[in-house]
Amino acid sequence: MFTVGVKFENVTKMYQNGRPAVQGLSLEVQSGELLVLIGPSGCGKTTTLRMINRLEEPTSGTIYVDGHDVRSYNPIQLRRGIGYTIQQTGLLPHMTVEQNIELVPRLLRWDKKRRQERVRELLELVGMDYRAFAHRYPRQLSGGQQQRVGVLRALATDPPVILMDEPFGALDPISREVLQTELKRLQAKLHKTIIFVTHDIDEAMRLGDRVAILRDGQLLQVGTPTELLHAPQDEFVAKFLGRFLSLPQSPVDEVRQLIQTGESRILKELPSGERVVQMGSFPWCFLIDDQGVLKGATCQVPEDLEQWKSIIWQEAASIKETDTPDIALKRLIEGEAEALPVVDEERHLVGIISHRSAIKALSSGVGRVSV
Ligand SMILES: Nc1ncnc2c1ncn2[C@@H]1O[C@H](COP(=O)(O)OP(=O)(O)OP(=O)(O)O)[C@@H](O)[C@H]1O
């Protein structure tokens, strides 16, 4: 798949009469990586982002997109080739959902049929029905739907790089979590190079392949969520990580303490005695035998359970309830999974552990557990 990376080389940005908004930033974002920029208000996150598509120009240093200095690109063409989505969505209120999404394709003179097909395809990606939504105006959508459309607009021409500036910042916590999950799902499929700005450490740890922490225009530390939690480089980073995570009262030693089950529903009983079950609102289901032993998992709840034979049941990667949270997190990261099933010694399905709960558990013992 075609993706491109982004690289900052000793980049500084001074606005008039000010301290540097960004100072000596060197950072490489790999192609296909989702890198989160986080830090206190005014630390230079938005400026960093806007220098990539030349909405701001660095005072010194160089930014490369796909190995080329951004100054070598025509700014308008560069912006058309990089998706950009912001907290206020930037949707034009007098245009319909369809017109908003096809804005750049139209500028690129795609014909009507191709534009319409693309809008359909994109709306489908986030579970929005074309007929129900394409002709609505932004004010006729919920906040979460508006934000989805903002993200789809950034994806319209299938750009390899996407910049997201607090895209979910204005949403309530539940819609926010739903959209985060959707973004993870989309990213697993699309492998874009995404640079994502947020204030929310929970969001950063959940979404980021790596997280870069900025303060006063300077990069303090960059690493995977696990690396940051295990080895925060100084007290500021440790406090920053800890402050936003609601820390459990006591350290958690076993996955058993983190299991989530929700309501467990049997979707289908098969003649063999095997059952297809779903747990809580997690969007996939499991195959268990008549003793409750985990046989497989599928990340989609099949629409037609009569077709269950044709469903591909992956041999489920699972975590034992006696495993430690750091092992769980490692598996979740390796498997690029939002959550994994938890089994007991006899492989009976006992629940689910999510990425989020593993991270939270680990944060209670920052520096304590080693992977
Ligand atoms: N156009 C501008 N002119 C002058 N100063 C600016 C301009 N834009 C940003 N700044 C200053 O540059 C610094 C970094 O701002 P920036 O918006 O990049 O930070 P941020 O981390 O994105 O902040 P927030 O989280 O509050 O959005 C701040 O001190 C800000 O006041």
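Residues numbered from 1 in each chain as written. Predicted model: local features only at pLDDT ≥ 70, side-chain atom pairs only at ≥ 80, totals over all residues. Heavy atoms only, no water.

**Digging into unusual backbone geometry**
For residues that are not glycine, phi is negative in most cases, and the peptide bond is trans in most cases.
Line of reasoning, step 1. The phi dihedral of Asp158 falls on the positive side, at around 60°, and the residue is not glycine.
Line of reasoning, step 2. With respect to the helices and strands, Asp158 occurs in the loop between helix H7 (143-155) and strand S7 (161-165).
Line of reasoning, step 3. The phi angle at Asp216 is positive, at roughly 45°, despite the residue not being glycine.
Line of reasoning, step 4. With respect to the element layout, Asp216 can be found in the loop between strand S9 (210-215) and strand S10 (218-223). (Helix = DSSP H or I, 4+ residues; strand = E, 2+ residues; numbered from the N terminus.)

**Observations regarding the site of the ligand**
Line of reasoning, step 1. Within the structure, the ligand sits among Tyr15, Ala21, Pro40, Ser41, Gly42, Cys43, Gly44, Lys45, Thr46, Thr47 and His199.
Line of reasoning, step 2. Here Ser41 contributes a side-chain N or O atom positioned 2.6 Å from an oxygen atom of the ligand.
Line of reasoning, step 3. The separation between an oxygen atom of the ligand and a polar side-chain atom of Thr47 is 2.5 Å.
Line of reasoning, step 4. Protein contacts shield 57% of the accessible area of the ligand, which totals 640 Å² for the unbound molecule.
Line of reasoning, step 5. The dominant element in the shell around the ligand, judged by the number of residues it contributes, is helix H1 (residues 45-52), at three residues.
Line of reasoning, step 6. Among the residues forming the shell around the ligand, the class breakdown is four nonpolar, six polar and one charged. (Near = heavy atom within 4 Å. Polar contact = N/O pair within 3.5 Å; in protein donor to acceptor, adjacent residues only side chain to side chain. Areas by Shrake-Rupley, 256 points an atom, 1.4 Å probe, with all protein chains shown as cover. Nonpolar A, V, L, I, M, F, W, Y, C, P; charged D, E, K, R; others polar.)

**Observations regarding the pattern of salt bridges**
Line of reasoning, step 1. Enumeration according to the criterion identifies 13 salt bridges in this entry.
Line of reasoning, step 2. The partner of Glu182 in a salt bridge is Arg148, with the nearest N and O atoms 3.0 Å apart. Separated by 34 residues along the polypeptide, Glu182 in helix H8 (residues 173-190) and Arg148 in helix H7 bring together distant segments of the chain. Arg148 shares its class with Glu182; the two are buried.
Line of reasoning, step 3. A salt bridge links Glu235 to Lys239, with the shortest nitrogen-to-oxygen separation between them at 3.6 Å. With Glu235 and Lys239 both in helix H11 (residues 235-244) and four residues apart, the pair spans about one turn of that helix. (Salt bridge = Lys/Arg side-chain N within 4 Å of Asp/Glu carboxyl O. Buried < 20%, exposed > 50% of the residue type's maximum accessible area, 1.4 Å probe, protein only.)

**As for the environment of Tyr130**
Line of reasoning, step 1. When you line up the elements, Tyr130 lands in helix H6 (residues 130-133).
Line of reasoning, step 2. A sequence separation of 14 residues divides Tyr130 from Gln116, and the C-alpha atoms of the two residues are 9.7 Å apart.
Line of reasoning, step 3. When residues no more than four places from it in sequence are discounted, the contact partners of Tyr130 are Glu98, Gln116, Val119, Arg120, Leu123 and His135. (Contact = heavy atoms within 4.5 Å.)

**Observations concerning H8**
Line of reasoning, step 1. Helix length check: H8 (18 residues) gives 25 Å between terminal C-alpha atoms against 26 Å at 1.5 Å per residue, within 8%.
Line of reasoning, step 2. Listed in full, the buried residues belonging to H8 are Ser175, Arg176, Leu179, Gln180, Glu182, Leu183, Leu186, Gln187 and Leu190. The buried residues of H8 all sit within an arc of 170° when viewed along its axis, so they share a single face. Along H8, exposed side chains directed more than 90 degrees from the buried face belong to Pro173, Ile174 and Lys189.
Line of reasoning, step 3. If you follow the buried residues of H8, they end up packed against strand S3 (34-38), helix H5 (112-125), H7, S7, strand S8 (193-198) and helix H9 (201-207). (Expected span 1.5 Å × (residues − 1). Arc of directions from axis to C-beta.)

**A closer look at the side chain of Thr48**
Line of reasoning, step 1. Among the secondary structure elements, Thr48 is positioned in helix H1.
Line of reasoning, step 2. Classification of Thr48 by relative accessible area gives buried; the value is 2%.
Line of reasoning, step 3. Side-chain polar atoms of Thr48 contact the backbone oxygen of Gly44, separated by 2.7 Å.
Line of reasoning, step 4. What Thr48 contacts, discounting residues up to four positions off in sequence, is Phe8, Val22, Leu25, Leu37 and Leu214.

**Quick look at the nonpolar core**
Line of reasoning, step 1. Counting residues in hydrophobic clusters, the biggest one holds 56 residues, and the most contacted among them are Ile101, Leu123, Phe196 and Ile213.
Line of reasoning, step 2. The biggest single contributor to this core is H7, with five residues.
Line of reasoning, step 3. Taken domain by domain, this core gets at least three of its residues from each of domain 1 (6-244) and domain 2 (255-363).
Line of reasoning, step 4. Within the second largest apolar cluster, 25 residues are counted, among which are Val4, Leu78, Val161 and Val197. (Core = buried A, V, L, I, M, F, W, Y, C linked by side-chain atoms within 4.5 Å. Domains from an automatic or database assignment.)

**Some thoughts on the packing of H7 against H8**
Line of reasoning, step 1. Their axes nearest at 11 Å, the elements H7 and H8 cross at an angle of 20°. Judged by the angle between their axes, H7 and H8 are roughly parallel. Seen from above, H7 lies across H8 with right-handed handedness. Of H8, the residues touching H7 (which contributes Gly144, Gln147, Arg148 and Leu155) are Val178, Leu179, Glu182, Leu186 and Leu190.
Line of reasoning, step 2. A per-class count over the contact of H7 with H8 returns five nonpolar, two polar and two charged. (Axes fitted to C-alpha atoms, helices over the stretch in contact; angles between N-to-C directions. Parallel < 35°, antiparallel > 145°, perpendicular 65-115°, else oblique. Left-handed = near helix turned anticlockwise from the far one by under 90°.)

**Details of the pairing of strand S4 (residues 60-65)**
Line of reasoning, step 1. Note: strand S1 (residues 6-14) against S4, five bridges, orientation antiparallel. The residue of S4 that forms the bridge with Val6 is Val65.
Line of reasoning, step 2. In this structure, S4 lies alongside strand S5 (residues 68-69), joined through two bridges in antiparallel fashion. Each residue of the ladder has a partner; that of Val65, found in S5, is His68.
Line of reasoning, step 3. Here S4 folds back onto S5, and the loop between the two strands holds two residues, one of which, Asp66, carries a positive phi near 55°. (Pairing = 2+ DSSP bridges.)

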